[in-house]
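Okay, here's what each chain looks like letter by letter:
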Amino acid sequence: MEERWSTEHVLSLAPDAASRKAAGKLSSPAPWSGTGTDGAALWGECRGSGRTPYRTVIELATPAYQCSCPSRKFPCKHALGLLLLWSGAPEAVPTGEAADWAAEWLRARRERAEKRAAPPADPEAARRRAERRGARVAAGAAELRLRLADRIRHGLADQSTAGPWEEVAARMVDAQAPGLATRVRELETLPEERLLAEYAMLHLLATAATRIDELPPELAATVRARVGYTLDAAEVLTGPTVRDRWLVLGSRDTADERLTTRRVWLRGAKTGRPALLLAFGRPGQAPDLALPTGHLLEAELAYHPGARPLRAALGTRYGAPEPGPAAPPAGLTVAEAVAGYGTAVADDPWLDSWPTVLAGVVPVRAPDGWHLTDGHHTVPVRTSAVPEAALWRLVAVSTGRPLTVFGEYGHQGFAPVTAWSAEHRPVGLSSS
């Protein structure tokens, strides 16, 4: 029998609290007709206020949704309601062949995916475009080096000859180097005591961007990624893949006015390799990737190239996520975590943090802020990345006893994402 999703997993897909509440009212069989599943998709018709029922179809692998309702939220309440019905009342969603209207949408979706995966029509034209962009990026990076050197020459405190960084960032956008533009904009928000270090790291990156062809392939790939070159998932998946049973360590959503970004961290049960999956959603739309923390997913991942590969694209899945081990994942001492981050930074100098599981630590609130201690060493908590309420939740999970915590460790401290309770249940710490 196919593995059904948990209610928590389904609700994690909702774009907002209102959608979760509305979906609950549609989670019973009463408003639904013609429901079904073939193991890869769900479909059904939901009675609404009009004469014609809303047709809803869901592809489970991505997941992806289609509904005839006028809502601009994705997934809409009908898709969430159908998922809750399938999760909580399997007998109400029988196995069978897809309805014609659902099969047509699924077929069109497969055809679009195949078209995106097709190689470029003119490889020579693509090569020329890449060369032109490389030249523009190198010219923009060279200009950035001059701007940074000029600021240092006049002194950090002297703003009389300094133009706004936004103007420099715009120049980097023109040079097709959005990664440089983002780091330049961040200079406006940094405290003065951190400016010199950030100038140095940005100057190093700009220098590397002018010499990409001279760098070792792995480091060159890292520099391209930092500068703002992107690879489509389909392109990444044409390379080597790693098949494993991946433990979902945790996830975190961050949002601005344009985009919601979901980060999902995995660890290979056999390989021990960490991986980071990214998914994005427009305003009013939840990211389309939702994997329940603590579960295992057997799948193939393809890593983006780099000196310290971490980001990955999700390839073929071999079944739905299954409940993971009863015990929390193996972790490190604070000292081992510091050493591990140091090794990672040696490969990628611009690495802000590295996914880390700490074992046997206790959360402590001190006059200078929050900390995690294992009794021998202490690491500060990066409170800017974690809501205050989530830190008190961490204290409640600990009750003064050592526990296992997953998060990101870097030069600014540790940002907890998931904690394992005394009953070994994972508790998310990424929201208030």
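Residues numbered from 1 in each chain as written. Predicted model: local features only at pLDDT ≥ 70, side-chain atom pairs only at ≥ 80, totals over all residues. Heavy atoms only, no water.

## Re the packing of aromatic side chains
For the structure on display, the rule yields 4 aromatic pairs. Between the aromatic rings of Trp165 and Tyr199, the centroid separation amounts to 5.9 Å while the plane-to-plane angle is 75 degrees, which identifies the pairing as edge-to-face. On the criterion of sequence distance, the pair formed by Trp165 in helix H6 (residues 165–174) and Tyr199 in helix H8 (residues 192–209) is long-range, its members being 34 residues apart. You can call Trp165 buried: its relative accessible area is 5%. (Phe/Tyr/Trp six-rings, centres within 6.5 Å; stacked < 30°, edge-to-face > 60°. Helix = DSSP H or I, 4+ residues; strand = E, 2+ residues; numbered from the N terminus. Buried < 20%, exposed > 50% of the residue type's maximum accessible area, 1.4 Å probe, protein only.)

## Things to note about the sheet that holds strand E3 (residues 54–59)
Taken in spatial order, the 4 strands make up an open sheet running E1-E2-E3-E4, and their pairing is antiparallel. Each edge of the sheet is formed by a strand with only one pairing partner; in this case those strands are strand E1 (32–37) and strand E4 (64–67). Across this sheet, the average inter-strand angle for adjacent strands is 10 degrees, counted without regard to direction. Sheet analysis places strand E2 (residues 41–46) next to E3, joined by 6 bridges and oriented antiparallel. Considered in E3, the bridge of Glu45 is made with Arg55. (Pairing = 2+ DSSP bridges. Axes fitted to C-alpha atoms, helices over the stretch in contact; angles between N-to-C directions.)

## Here's the deal with the packing of helix H5 (residues 123–154) against H6
With their axes 9 Å apart at the nearest point, H5 and H6 run at an angle of 160 degrees to one another. One way to sum up the angle between H5 and H6 is to call them roughly antiparallel. The way H5 lies across H6 gives a crossing that is left-handed. Of H6, the residues touching H5 (which contributes Arg136, Gly140, Glu143, Leu144, Arg147, Leu148 and Arg151) are Trp165, Glu167, Val168, Arg171, Met172 and Asp174. Along the lines of polarity and charge, the residues of the contact of H5 with H6 split into 5 nonpolar, 1 polar and 7 charged. (Parallel < 35°, antiparallel > 145°, perpendicular 65-115°, else oblique. Left-handed = near helix turned anticlockwise from the far one by under 90°. Contact = heavy atoms within 4.5 Å. Nonpolar A, V, L, I, M, F, W, Y, C, P; charged D, E, K, R; others polar.)

## A short note on the side chain of Thr356
Inspection of the secondary structure assignment puts Thr356 in strand E11 (residues 353–366). The exposure class assigned to Thr356 is buried, which follows from its relative accessible area of 7%. At 2.9 Å, the side chain of Thr356 forms a polar contact with the backbone oxygen of Trp354. (Polar contact = N/O pair within 3.5 Å; in protein donor to acceptor, adjacent residues only side chain to side chain.)

## A short note on the side chain of Arg133
If you trace the backbone, Arg133 turns up in helix H5. Of the side chains with opposite charge, Glu235 comes closest to the buried, unpaired Arg133, at an N-O distance of 9.9 Å. Here the side chain of Arg133 touches Gly228 through a polar contact of 3.4 Å, landing on its backbone oxygen. Setting aside residues up to four positions removed in sequence, Arg133 forms contacts with Gln176, Pro178, Gly228 and Tyr229. (Lys, Arg positive; Asp, Glu negative; His and termini not counted. Salt bridge = Lys/Arg side-chain N within 4 Å of Asp/Glu carboxyl O.)

## Considerations on the pairing of strand E7 (residues 274–281)
One ladder, built from 8 bridges, connects strand E6 (residues 260–268) with E7; its direction is antiparallel. Looking at E7, one finds that Thr261 is bridged to Phe280. Linking two consecutive strands that pair antiparallel, namely E6 and E7, is a turn of 5 residues; a positive phi of about 75 degrees is found at Gly272 within it.

## Quick look at the state of the cysteines
Enumeration over the complete set of coordinates arrives at 0 disulfides. Unpaired in this structure, Cys69 has its nearest cysteine sulfur neighbour in Cys67, at a distance of 3.6 Å. There is no disulfide at Cys76, and the cysteine sulfur nearest it, in Cys67, is 3.7 Å away. (Disulfide = S-S within 2.5 Å.)

## Some thoughts on unusual backbone geometry
Omega for the bond connecting Phe74 with Pro75 falls within 30 degrees of zero, at -5 degrees, which places this linkage in the cis form. Tracing the backbone shows Pro75 in the loop between E4 and helix H3 (77–88). Phi at Gln176 is positive, roughly 60 degrees, even though this residue is not glycine. The topology assignment puts Gln176 in the loop between H6 and helix H7 (178–186). Phi at Thr399 takes a positive value of approximately 50 degrees, unusual for a residue other than glycine. Here Thr399 lies in the loop between helix H12 (388–398) and strand E14 (403–410).

## Thoughts on H6
Listing the buried residues of H6 in full gives Trp165, Val168, Ala169 and Met172. Projection of H6 onto a plane perpendicular to its axis shows the buried side chains occupying an angular sector of 100 degrees, all on one side. Buried residues along H6 sit in contact with H5, H7 and H8. Gln176, located one to two residues past H6, shows a positive phi value of around 60 degrees. (Arc of directions from axis to C-beta.)

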